[in-house]
Amino acid sequence: MTARARIHPGELAIALGLVVLGSFVIYETQNIAETQGYAQIGPRLFPYLIGVGLTLCGAVLGWEALSGGWRHVPLDEAHEAPDWMAFGVISAGVILHMVVIGWAGFIIASTLLFVLIARGFGSRKPVRDAIIAVVLAVVVFFLFTKGLGLNLPKGPFEGVF
Amino acid sequence: MDTFNALLTGFAVALSLQNLMWGFLGVTLGTAVGVLPGVGPALTIALLLPATAKLDPTGALIMFAGIYYGAMFGGSTTSILLNTPGESATIVTAMEGNLMAKRGRAGPALATSAIGSFVAGTLATILLTVMAPVIVDLALKFGPAEYFAVMVLAFTTVSAVLGASAARGLASLFFGLMIGLIGLDSQTGQARFALGIPELLDGIDVVVVAVGLFAVGETLYIATYFNRESDKLEKMKGSIWMSRDDWRRSWKPWLRGTALGFPFGTIPAGGAEIPTFLSYAIEKKLTKRPEDFGKGAIEGVAGPEAANNASATGTLVPLLTLGLPTTATAAIILAAFQQWGLQPGPLLFETQPALIWGLIASMYIGNVILLILNLPLVGIWVKLLEIPRPLLYAGILIFATLGAYGLRNSWFDLALLYGVGLIGFLMRRYDIPVAPVLVGMILGPLAEQQFRRALAISQGDLMIFLKQPISATVLAITALVIIGPPIWRRIAARRAPRAQAPKG
């Protein structure tokens, strides 16, 4: 039982986040109008309990983080060398997709997403990825719009098909 | 007798051409997502929820159940050939199974897991058939107080008892419960935690949460931490068939695995990980050839594989009879029932017997199809493992974003999806279990409803939960489950130094 020497900032931040979230839930619960009616328990009791629960969990995890780190965390060497570039590229892909899907349509947005995710995973063949992406996006588009009746944005192809 | 008749009616439903097709589609999809690392049954069913809302519930639920237990079959293939578990429930299979493959015995390893899964799945379905009516009879006596008590028990076991840390499990559960609060209160129609955002009045859709945690979060996590080493796919050499010796060494572990897995599935203890680990430990202890363990012992594959399948079927017992989900996938299947306005529980056995018994009967058929899919046709699934990782995850994300956006064509759901994905990433990184989020989110609103109903009946007297014998018993068990393990650990810790004392 050797306690880890340094305090892990991530653990402390999550614990703090839970306390903030729990306090916010408790605070926000006061804005729920309490109806006086036939029901003995109104819409406030459960939110209060959940807010308290979140705060307490955050407090316990915060104490653990300050006293030797969270308990029983499996050590994983892979965690020592995160690849934040990959994280960034994939996040960019998801956010870009969200921004463009409304006006560029499903096919273009999904193609961009596919190529960026593949890049994030270290693919060095953007042309191959783009070809697969277009084929997949077109197939999925027709499968879901014509086959399942889902309504997906067409973007510039409006009126083309 | 009644059960037998009900089951026959069920077979009439399950054997209709349409339902056979849904069942076949389900187990095929299940095997595929089981084989593919990075996609699991919970994610797959969540993605299919919006697309199936207009279908006949019987067929769609037959498909969902097929995906669930089909994934248990498929997961073992990945574990054996790639040493990367296809599913969390097949981690143990990866240990001995991959060693067998390395020694050129991939065939028998795949065979013992497929046949073991079939044996366990079928036995567990028989147990489900026999047990369900008994539990339904008991559950018909349940009032709101009893339902609330069993839900509290499920919350406790899913989050606090199993897993590495009660604090992290509970944090995850409360987070899920909080998500479940968002939207209109079911009893008074009051908006809660909508923060003035109109999109939040409908609540956060389970699809967004499940897909965010399992697809976006998982993708970010794997890309950030685990994209350096490349996987080594073991070749399938030699015969797929098991020798007489393999059979002799496998059949007892299959039965023991079933006996372990099924009860673990039925009690609200969630997850197939624990019974598979237990099964592995037991087989290691009981084997006549302990020297084989660590070098590829077939017992170490046969037992855990039977256990995870029996456990998956076992989780359907509380789900169908009480409406109690104990795993992430079961929680999503409960959400599926809800999208047709159905609430699993004893009443559903009376109002929708064709649906319930059709679903149960379909599982007998599904297990036979799975045996064929995973034994003679295993070569097809192995091809799936050759998909390069960048393309696999890029494809997963296309479907993930489609699932979230398709709900109501709103970028808001995509923003939520990424937000939940970031949380999922942190949870994976810091070893916080994900399943309690989904169980809390889906079961939470139902628990609140039962709690308020119980207190409306008792005129606000909280003692109602302790006065009713069933709910008092269940709550006592819950308390025991919380207090028991720490006390046990303390006793064990006190004993340990004493045992070592003479040496030191």
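Residues numbered from 1 in each chain as written. Chains lettered and ligands numbered in written order. Predicted model: local features only at pLDDT ≥ 70, side-chain atom pairs only at ≥ 80, totals over all residues.

A tally of helices and strands in chain A yields 4 helices and 0 strands. The helix and strand sequence of chain A, counted from the amino end, reads α-α-α-α. Its C-alpha radius of gyration of 24 Å places chain A more than 25% over the 15 Å reference for a compact globule of 161 residues. Taken over 161 residues, chain A has a buried fraction of 31%. In chain A, of all internal contacts separated by at least 6 residues, the share reaching a separation of at least 24 is 61%. (Helix = DSSP H or I, 4+ residues; strand = E, 2+ residues; numbered from the N terminus. Rg over C-alpha atoms; globule rule 2.2 N^0.38 Å. Buried ≥ 20, exposed ≤ 12 C-beta atoms within 10 Å, placed from the backbone. Contact = placed C-beta atoms within 7 Å.)

Each domain of chain A was delimited in the assignment, giving domain 1 (9-79) and domain 2 (82-157). Taking only C-alpha atoms into account, the centre of domain 1 of chain A sits 36 Å from that of domain 2 of chain A. (Domains from an automatic or database assignment.)

Right, let's get into the environment of G189 of chain B. Mapping G189 of chain B onto the fold places it in the loop between strand 1 (183-184) and strand 2 (191-192). Sequence separation between G189 of chain B and P144 of chain B is 45 residues, and the spatial gap between their C-alpha atoms is 20 Å.

Now for the nonpolar core. If you look at the biggest cluster of nonpolar residues, it comprises 203 residues, and the most contacted ones within it are A46, V209, A210, V211, I332 and L438 of chain B. Inspection of this core shows a minimum of three residues originating in each of domain 1 (9-79) and domain 2 (82-157) of chain A. Apart from residues no more than four positions distant in its own chain, V211 of chain B is found in contact with L43, A46, L47, A400, G403, A404 and L417 of chain B. (Core = buried A, V, L, I, M, F, W, Y, C linked by C-beta atoms within 7 Å.)

With the exception of glycine, most residues fall at negative phi, and the peptide bonds are largely trans. All names here are of chain B. Of note, F193 is a non-glycine position whose phi angle comes to about 55°, a positive value. As for its position among the elements, F193 is in the loop between strand 2 and helix 9 (206-225). Here F193 falls in the buried class, since 20 other C-beta atoms lie within 10 Å of it. Positive phi is not limited to glycine here, since D431 has a value of about 55°.

For helix 12 (residues 299-314) of chain B, which comprises 16 residues, the first-to-last C-alpha distance of 22 Å matches the rise-based estimate of 22 Å (1.5 Å per residue) to within 8%. Counting buried positions along helix 12 of chain B gives 16 out of 16 residues, so the element sits mostly inside the fold. (Expected span 1.5 Å × (residues − 1).)

So, about the packing of helix 4 (residues 126-147) of chain A against helix 18 (residues 389-405) of chain B. The geometry of helix 4 of chain A relative to helix 18 of chain B is characterised by a closest axis approach of 12 Å and an angle of 30° between their N-to-C directions. The pairing of helix 4 of chain A with helix 18 of chain B is recorded here as roughly parallel in orientation. Remark: the crossing between helix 4 of chain A and helix 18 of chain B carries right-handed chirality. The residues of helix 18 of chain B that touch helix 4 of chain A, namely those facing I132, L136, A137, V140 and F144 of chain A, are L391, G395, I398 and L402 of chain B. (Axes fitted to C-alpha atoms, helices over the stretch in contact; angles between N-to-C directions. Parallel < 35°, antiparallel > 145°, perpendicular 65-115°, else oblique. Left-handed = near helix turned anticlockwise from the far one by under 90°.)

What follows concerns the interface of chain B and chain A. At the junction of the two partners, chain B supplies 53 residues and chain A supplies 60 residues. Of all the secondary-structure elements, those providing two or more residues to the side of chain B that touches chain A are helix 8 (166-181), helix 9, helix 18, helix 19 (411-429) and helix 20 (435-457) of chain B. Among the residues making up the side of chain B that touches chain A, the classes are represented as 33 nonpolar, 13 polar and 7 charged. (Nonpolar A, V, L, I, M, F, W, Y, C, P; charged D, E, K, R; others polar.)

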